[in-house]
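# Coordinate inspection notes
Single-letter residue listing:
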Amino acid sequence: MANKNKNKTPEQIAYGQLEKKHELKRPVLKNCIRAFWVGGCICLVGQAFTYFYIYMFNFTEKTAGNPTTATMVFLSMLLTGFGIYDRLGQYAGAGSAVPVTGFGNSVVSAAIEHRTEGYVLGVGGNIFKLAGTVIVFGVFSAFVVVLIRTVIMMWGGF
Amino acid sequence: MPGKSQTWVFDNQPAILSTGVVGGPFEKNGRLVDDFDRFFEDLWLGQDTYEKAQQKLIEEAVQIALKKQNLQETDIQFFLAGDLINQITPTSFAARTNAIPYFGLFSACATSMESLALAAFIINHGGAQKVVVGASSHNASAEKQFRYPTEYGGQKPPSAQWTVTGAGFAVIGPAEENGPVPRITSATIGKVLDLGISDPFNMGGAMAPAAVDTIERHLQDMGRDPSYYDLIITGDLAKIGRSIALDLFRNKQLAVTEEQFQDCGLLIYDESQPVQAGASGPGCSAVVLYGHLLNEMKKGRYKRILLVATGALLSPLSFQQGETIPCIAHACAIEYL
Amino acid sequence: MLAMFFWAFVIGGLICVIGQLLFDVAKLSPGHTMSVLVTAGAILSGLGLYEPLVNFAGAGATIPITSFGNALATGAMQEVQRHGIVGVLTGMFEVTSSGISAAIIFGFIGSLIFKPKG
């Protein structure tokens, strides 16, 4: 908080304090409880699909992750397309945004929205509007982590 | 307050001759249902894109306002209007349709009063005989541009506001009847103020100082007490902005009472609608003024209103670049004389 | 099996609570929060801590977005073991391809059949 005040005039700092008094506080505990149970349920569904793929289609525990993820993304496409996921998101917050269904929702919602700009420039150009940052930072952080780990191992670390 | 007067006084008191107010499905479930001329059943209005739907809202509202006075587009000399969308394309495209010489305006949610103030000045000084003014907004086109795709499951905080899907337009000109009509008697042009708020989900908190500044300036320029007005109503400060403004009035020792100080963003929707802190958008103040407030004036409930439309002058880019939110408020005094 | 369901629920829920705290207390945007979580997944994976979590909590660890970071890092690490340092680049999307492919394919299909509802 302190460094946010760095470039502010005394009047702005004083107003910031006044504004804080009037701000409607976020119901943190309520939001966390909702995020917990909705997120947990989505993971339960994922677990059910994992076992389904293991026992019905002979996937192993390691390889069942792939069809499970694809199925969850498919479900999020349906929920997003039918206008349900945005309501769920308002209720559950991170409970619906953190699971891979949230990733699917961010991609599908952007695709659906930008169809009006055409399939090439609209859908194609905007589909990763929200999800792009996850992919970029996921890849880059994995790159850095594995690079560091590899270098350490080469020098007899592990 | 230092500096020259920011207020125009309109000696010829131009009148609001007729209005057209249209809304979307969400507004149809709100509290001011009887004060709209027409509602649309969905956000698309039979169009391919949200932006075209917003253009249709504008065209409909203008048509309704013209028809009430048996006017054609060719009877109108100027069209002053604006909206939130990039390069104000819905309004410009509607101006293409109605082919009235066009002033495209932008002051975000303060556009309604910016257009009314300029129109009143033009009419008052004989620059035109009839002018159409107004503002519009569309929930989905605004969300798409400023926030997230409409089907995205993002969680809005309690300070967020809901952009109105609606258009409010009016024909302004010298009064033609003998009886009392709503007239614009003065207007105060606001300065841009930035008190360091940077959260785009907290518009009310960002805009409150601008509203208070313009109200204070108006009262000073006119040498008036707040009690002159039956209603001092802001465009879209909503819950947080309104309570901050009341606090600021107290600090400045301006005798604005809680009862007389209202907000369009708090009037338009019902308690049960999920709008967090209240409504917003250029359409908000336009539909409430040209619909509900003028109807209340005609019923005799209000004689003198000061409408202070408030705008947050940010863009999605400015927010990403870490900028704070500069705001502005324009005020028009409307009296039933 | 029942134990796995229980832990999937609890661990998945807890990771979501961390995300919610990043939303509400740290006031981060969804984009920032997801980036933090996916980076955390990659780091935990590099430290060898994510695999045990997956064995313990199953979908509770594979469904949240953190597992995406884990999958990217794991893929890279596997390729490095097989082909040396170039594996950091070549192995990245090996394990996780289904998630991204599914998102693109279903996203595009979604845009073909659905209209946003506002």
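Everything numeric in this text was worked out from a predicted model, so none of it was measured.

So, how was this worked out
Residues numbered from 1 in each chain as written. Chains lettered and ligands numbered in written order. Predicted model: local features only at pLDDT ≥ 70, side-chain atom pairs only at ≥ 80, totals over all residues. Helix = DSSP H or I, 4+ residues; strand = E, 2+ residues; numbered from the N terminus. Buried ≥ 20, exposed ≤ 12 C-beta atoms within 10 Å, placed from the backbone. Rg over C-alpha atoms; globule rule 2.2 N^0.38 Å. Contact = placed C-beta atoms within 7 Å. Nonpolar A, V, L, I, M, F, W, Y, C, P; charged D, E, K, R; others polar. Axes fitted to C-alpha atoms, helices over the stretch in contact; angles between N-to-C directions. Parallel < 35°, antiparallel > 145°, perpendicular 65-115°, else oblique. Left-handed = near helix turned anticlockwise from the far one by under 90°. UniProt positions renumbered as here; feature names shortened; annotations may be inferred. Domains from an automatic or database assignment. Arc of directions from axis to C-beta. Pairing = 2+ DSSP bridges.

It is worth spelling out the overall build of chain C at this point. Along chain C, the regular secondary structure elements total seven helices and zero strands. Helices (α) and strands (β) of chain C occur, in sequence order from the N terminus, as α-α-α-α-α-α-α. Out of the 118 residues in chain C, the part that is buried amounts to 59%.

Of the regular secondary structure elements, chain B holds ten helices and 14 strands. Scaling as 2.2 N^0.38, a compact globule of 337 residues should have a C-alpha radius of gyration of about 20 Å, and chain B matches this with 18 Å. With respect to the principal axes defined by its C-alpha atoms, chain B has extents near 55 × 50 × 35 Å. In chain B, 81% of the contacts between residues at least 6 apart in sequence involve partners at least 24 apart.

Bringing the interface of chain C and chain B into the picture now. Listed as interface residues are five residues of chain C and, on the opposing side, seven residues of chain B. Among the residues making up the side of chain C that touches chain B, the classes are represented as three nonpolar, one polar and one charged.

Right, let's talk about the interface of chain C and chain A for a bit. Contact residues are listed per partner, giving 60 residues for chain C and 60 residues for chain A. Only α1 (2-24), α2 (30-46), α4 (59-62), α5 (66-83) and α7 (97-113) of chain C provide two or more residues apiece to the side of chain C that touches chain A. A total of 15 residues in the side of chain C that touches chain A trace back to one element, the largest contributor, which is α1 of chain C.

Here we come to unusual backbone geometry. Even without being a glycine, N58 of chain A presents a positive backbone phi close to 60°. On the secondary structure map, N58 of chain A appears in the loop between α2 (28-57) and α3 (65-81). Not every positive phi belongs to a glycine, and Q87 of chain B is a case in point at roughly 60°. Here Q87 of chain B lies in the loop between β4 (78-82) and α3 (89-98).

A few words on the environment of H138 of chain B. All names here are of chain B. When you line up the elements, H138 lands in the loop between β6 (131-137) and α5 (139-146). Overall, H138 belongs to the buried group, with 32 C-beta atoms counted inside 10 Å. Once residues lying within four places of it in the same chain are set aside, the contact partners of H138 are Y50, A53, Q54, L57 and T165.

As a further point, take the packing of helix α2 (residues 50-68) of chain B against α3 of chain B. Each pair of packed helices gets described by two things: the angle between the helix axes and the distance between those axes. All names here are of chain B. Following both chains from N to C, one finds α2 and α3 inclined at 50°, their axes separated by 8 Å at the closest point. The angle between the axes of α2 and α3 places the two elements in the oblique class. As α2 packs across α3, the resulting crossing turns out to be right-handed. Mapping the contact onto sequence places E51, Q54, Q55, I58, E59 and V62 in α2 and T89, P90, T91, F93, A94, T97 and N98 in α3.

What follows deals with the packing of α1 of chain C against α2 of chain C. Residue and element names in this part refer to chain C. Where α1 contacts α2, the two axes come as close as 9 Å, and the packing angle between them is 140°. The pairing of α1 with α2 is recorded here as oblique in orientation. Seen from above, α1 lies across α2 with right-handed handedness. Contact residues: α1 offers G19, L22 and F23, while α2 offers T33, V36 and L37. Counted by class, the contact of α1 with α2 contains four nonpolar, two polar and no charged residues.

As a further point, take the UniProt feature "transmembrane region" (unreviewed entry) in chain C. Residues and elements named next belong to chain C. Per the UniProt record, "transmembrane region" (unreviewed entry) is annotated on residues 6-26, 33-50, 56-73 and 85-114. For residues 33-50, the helix share is 83%, the strand share is 0%, and the end-to-end C-alpha distance is 19 Å. Within residues 56-73, the helical portion is 78% and the strand portion 0%, while the C-alpha atoms at the span's ends are 19 Å from each other.

Quick look at the environment of E177 of chain B now. Residue and element names in this part refer to chain B. With respect to the element layout, E177 can be found in the loop between β8 (166-173) and β9 (182-188). Overall, the presence of 8 C-beta atoms within 10 Å leaves E177 in the exposed class. On a C-alpha basis, the gap between E177 and L17 in space is 9.4 Å, while along the polypeptide they are 160 residues apart.

In this section: the domain arrangement of chain B. Residue and element names in this part refer to chain B. What the domain assignment lists for chain B is domain 1 (7-173) and domain 2 (182-336). Each of domain 1 and domain 2 has a C-alpha centre, and the two are 17 Å apart. With 54 residues of domain 1 at the interface, the matching set in domain 2 holds 58 residues. At the level of secondary structure, the elements contributing two or more residues to the side of domain 1 that touches domain 2 comprise β1 (7-9), β2 (15-23), α1 (25-28), α4 (111-124), β6, α5, β7 (162-163) and β8.

Okay, α3 of chain B next. Along an α-helix, residues three or four positions apart point the same way, because every turn accommodates 3.6 residues. All names here are of chain B. Those residues of α3 that sit buried are P90, T91, A94 and A95. All buried residues of α3 lie within an arc of 140° about the axis, which places them on one face of the element. Looking at the packing, one finds that the buried side of α3 touches α2, β4, β5 (102-104) and β6.

So, on to the pairing of β4 of chain B. All names here are of chain B. Burial analysis of β4 places five of its five residues in the buried class, which makes it a mostly covered element. Alternating residues of β4 divide into F78, L80 and G82 and F79 and A81, and every residue in both groups is buried. Where β4 meets β6, five bridges bridge the pair, whose relative direction is parallel. The residue bridging G82 from the neighbouring strand is A135, located in β6.

Residues and elements named next belong to chain B. For β6, a buried count of seven out of seven residues is recorded, marking the element as mostly surrounded by other parts of the structure. Side chains of β6 alternate between two faces, with V131, V133, A135 and S137 and V132, G134 and S136 buried alike. Two elements, β6 and β8, share seven bridges in a ladder whose sense is antiparallel. Counterpart to S137 in the pairing with β8 is G166.

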